[in-house]
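Spelled out from the first residue to the last, the chains are:
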Amino acid sequence: ESTAQANIGVVGMAVMGSNLARNLASREGNTVAIFNRSFEKTQTVLDEHPEAEFIPASSYEEFAASLSKPRTAIIMVQAGRGTDAVIDALTSVFEPGDIIVDGGNALFTDTIRREKAVRETGINFVGTGISGGEEGALLGPSIMPGGSAEAYETLGPILSSIAAVVDGVPCVTHVGTDGAGHFVKMIHNGIEYADMQLIAEAYDLIRRGTGYSPAQIADVFTEWNKGELESYLIEITAEVLKQVDASTGTPLVDLILDQAGSKGTGVWTVQNALDLGIPVSGIAEAVFARSLSSKPAQRAAASALPGPAEPWGVDNNEAFIEDVRRALYASKIVAYSQGFDAIVAGAEQYGWDIKKGDIATIWRGGCIIRAQFLNRITEAYAEDPGLVALITAPYFTAAVTGAQESWRQVVAHAAKAGIPAPAFSSSLSYYDGLRADRLPAALVQGQRDFFGAHTYKRVDKEGTFHTLWSGDR
Ligand code: ATR
């Protein structure tokens, strides 16, 4: 077709879509077609970014005609119904061999369904996780594509050209087939929830324990960001704590309503982990902590409940802050270990060949959980691809060995002082549960057999057993 001039198209000109389109247009060799359901957004993008030399389309037909074959289009619209509507429209104007990419935050089971349906038309469908927010979309996100290996041959180089780059390596890899990319993106977000909650608990403990101001605690985080905790989230935490409200002179964090919202990806992570039977307790506590914060009626009703009788303060601020830092690091290792367990279980359940080390590699840049630490995860899986639990890799074992006394101190302090630290304490319980010689699960099995004849196994002989319990029934 003589009108075909663009090698890639983007549908959806809201913030994420327009930033991704601008990112694509800024790379050598790309000509980008753009389309939005209503033309206003397309016009605004054209007006504001003439340098991008976008090829605008005002209908799906025109959009398809502007793309060279195989046509490749990235959808960046409202997840759910919006995505389905655009897929329907594109499949009617695209041809076999073309590629439709969904870059939105789709639930991976929707992606599996869509991939199957689109594949019947001969068109490729690639559900792709994209992390990094608005800035990542514009300057270089972490990209987690699923879909077929065949589609990735065409798509891979384009995605590599716009992804964040760390040590010369683009933050993109073919995660696995159909919904694998969106699954891994979901777990990424779950880990992000845990990471944020742990940082928030660290801040709260330091503030209440030492009486430091938010600005002083910002300095603590800035210091931490020079060491093993170096990460985007620690960096922005310092920025948030430093912010002063211009009109009142009060630290802004003290003026922000303490009710955390969410868009649901953390909930998805936990729901799926429950289905897969994977204890992602740190992530779950982070999700629940947001729910608890957002229950003003219950919180108001409970505000008269008693706390500890003894007032609390720490003797040595510096030593306490160091304990909190270590507790944070150990808890963070638990959160990632749990997240990777969920990836392994998902891969097994849905038949994906996911390379764990590659996932850690592409999370090093562009995304919200980007951190130094991810290099250690890549190394751990490189040394032992069959690693059964991340936390048992030599590097992480050494790290928690060094941190555990501090970790216990901090969790004990929190309990005695009446300061909620759900992610710190559940991570420690997970650690102690995992390393325990014997668990009281034996007693639970006894109870189950008692009331429901659910049977149990024994440590000393083969077989399945049921006891005629001598209880008062
Ligand atoms: P943001 O939160 O950044 O605004 P979003 O809500 O995820 O983004 O997505 C909004 C985009 O989805 C818009 O481009 C919107 O198109 P309009 O500008 O015409 O509203 C697009 N969108 C939502 N539902 C759609 C549908 N059914 N078909 C096509 N595009 C749709």
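Residues numbered from 1 in each chain as written. Predicted model: local features only at pLDDT ≥ 70, side-chain atom pairs only at ≥ 80, totals over all residues. Heavy atoms only, no water.

### Focus on the sheet that holds strand β7 (residues 142-145)
Okay, so step 1: Overall, mixed pairing links the seven strands, which are arranged β3-β2-β1-β4-β5-β6-β7 in an open sheet. Every other strand in the sheet has two partners, leaving β3 (55-56) and β7 as the edge strands with one partner each.
Okay, so step 2: Summarising the sheet, strand β6 (residues 124-131) and β7 pair through four bridges and their orientation is antiparallel. Across the sheet, residue S131 finds its bridge partner in β7, namely S142.
Okay, so step 3: The strands touched by helix α5 (residues 108-119) within the sheet are β5 (99-102) and β6, with β6 carrying the most contacts at an inclination of about 150 degrees.
Okay, so step 4: Against the sheet, helix α8 (residues 180-210) makes contact with β5, β6 and β7, and its axis sits at roughly 15 degrees relative to β6, the strand it touches most. (Pairing = 2+ DSSP bridges. Helix = DSSP H or I, 4+ residues; strand = E, 2+ residues; numbered from the N terminus. Contact = heavy atoms within 4.5 Å. Axes fitted to C-alpha atoms, helices over the stretch in contact; angles between N-to-C directions.)

### Focus on the site of the ligand
Okay, so step 1: N36, R37, S38, K41 and Q78 are the nearest of the 13 residues found near the ligand.
Okay, so step 2: The separation between an oxygen atom of the ligand and a polar side-chain atom of R37 is 2.8 Å.
Okay, so step 3: Within the side chain of K41, an N or O atom sits 2.6 Å from an oxygen atom of the ligand.
Okay, so step 4: Considered on its own, the ligand offers 650 Å² of accessible surface; in the complex 69% of this is hidden by protein.
Okay, so step 5: Ranked by the residues each element gives to the shell around the ligand, the list is headed by helix α4 (residues 81-93), at three residues. (Near = heavy atom within 4 Å. Polar contact = N/O pair within 3.5 Å; in protein donor to acceptor, adjacent residues only side chain to side chain. Areas by Shrake-Rupley, 256 points an atom, 1.4 Å probe, with all protein chains shown as cover.)

### Brief notes about the pairing of strand β4 (residues 72-75)
Where a strand is regular, its side chains alternate between the two sheet faces.
Okay, so step 1: Of the two faces of β4, the one holding T72 and I74 and the one holding A73 and I75 are both buried throughout.
Okay, so step 2: With three bridges connecting them, strand β1 (residues 8-11) and β4 associate as parallel partners. What sits directly across from V11, in β4, is I75.
Okay, so step 3: Inspection of the sheet shows β4 paired to β5 by four bridges, in the parallel sense. Bridging from a neighbouring strand, I75 pairs with D102 of β5.
Okay, so step 4: What joins β4 to β5 is α4, and the crossover it makes is right-handed. (Buried < 20%, exposed > 50% of the residue type's maximum accessible area, 1.4 Å probe, protein only. Right-handed = clockwise from strand over helix to strand, strands pointing away.)

### Thoughts on the pattern of salt bridges
Okay, so step 1: By the definition in use, this model includes 23 salt bridges.
Okay, so step 2: Its salt-bridge partner being D98, residue R71 comes within 2.8 Å of it at the nearest N-O pair. Within this pair, whereas R71 is found in the loop between α3 (60-65) and β4, its partner D98 is found in the loop between α4 and β5, the two being separated by 27 residues in sequence. Both residues of the pair, R71 and D98, count as buried.
Okay, so step 3: Note that D84 and R114 form a salt bridge whose closest N and O atoms lie 2.9 Å from each other. Placement of the pair is D84 in helix α4 and R114 in helix α5, with a sequence separation of 30 residues.
Okay, so step 4: For R114, a relative accessible area of 3% translates into the label buried. (Salt bridge = Lys/Arg side-chain N within 4 Å of Asp/Glu carboxyl O.)

### Here's the deal with the pairing of β5
Okay, so step 1: Of the two faces of β5, the one lined by I99 and V101 and the one lined by I100 and D102 are each fully buried.
Okay, so step 2: When β5 meets β6, the two strands line up parallel, connected through four bridges. In the strand pairing of β6, D102 is matched with G127.

### Considerations on the nonpolar core
Okay, so step 1: Formed by 93 residues in total, the largest nonpolar core has its most connected members in W224, F340, W363, I377 and F424.
Okay, so step 2: The element best represented in this core is helix α14 (residues 317-350), accounting for 16 residues.
Okay, so step 3: Contact partners of W363, with chain neighbours within four places excluded, come to S142, M144, V184, H188, I191, F340, I343, I369, R370, A371 and L374.
Okay, so step 4: A21, M76, A151 and A163 belong to the second-largest nonpolar core, a separate cluster that totals 28 residues. (Core = buried A, V, L, I, M, F, W, Y, C linked by side-chain atoms within 4.5 Å.)

### With respect to the environment of M144
Okay, so step 1: Here M144 is to be found in strand β7.
Okay, so step 2: Among the residues examined, M144 registers a relative accessible area of 0% and is labelled buried.
Okay, so step 3: Along the chain, M144 and V172 lie 28 residues apart, while their C-alpha atoms are 6.0 Å from each other.
Okay, so step 4: Each residue touching M144, except ones within four places of it in the same chain, is listed here: G127, T128, G129, S131, V175, G181, H182, V184, K185, I362 and W363.

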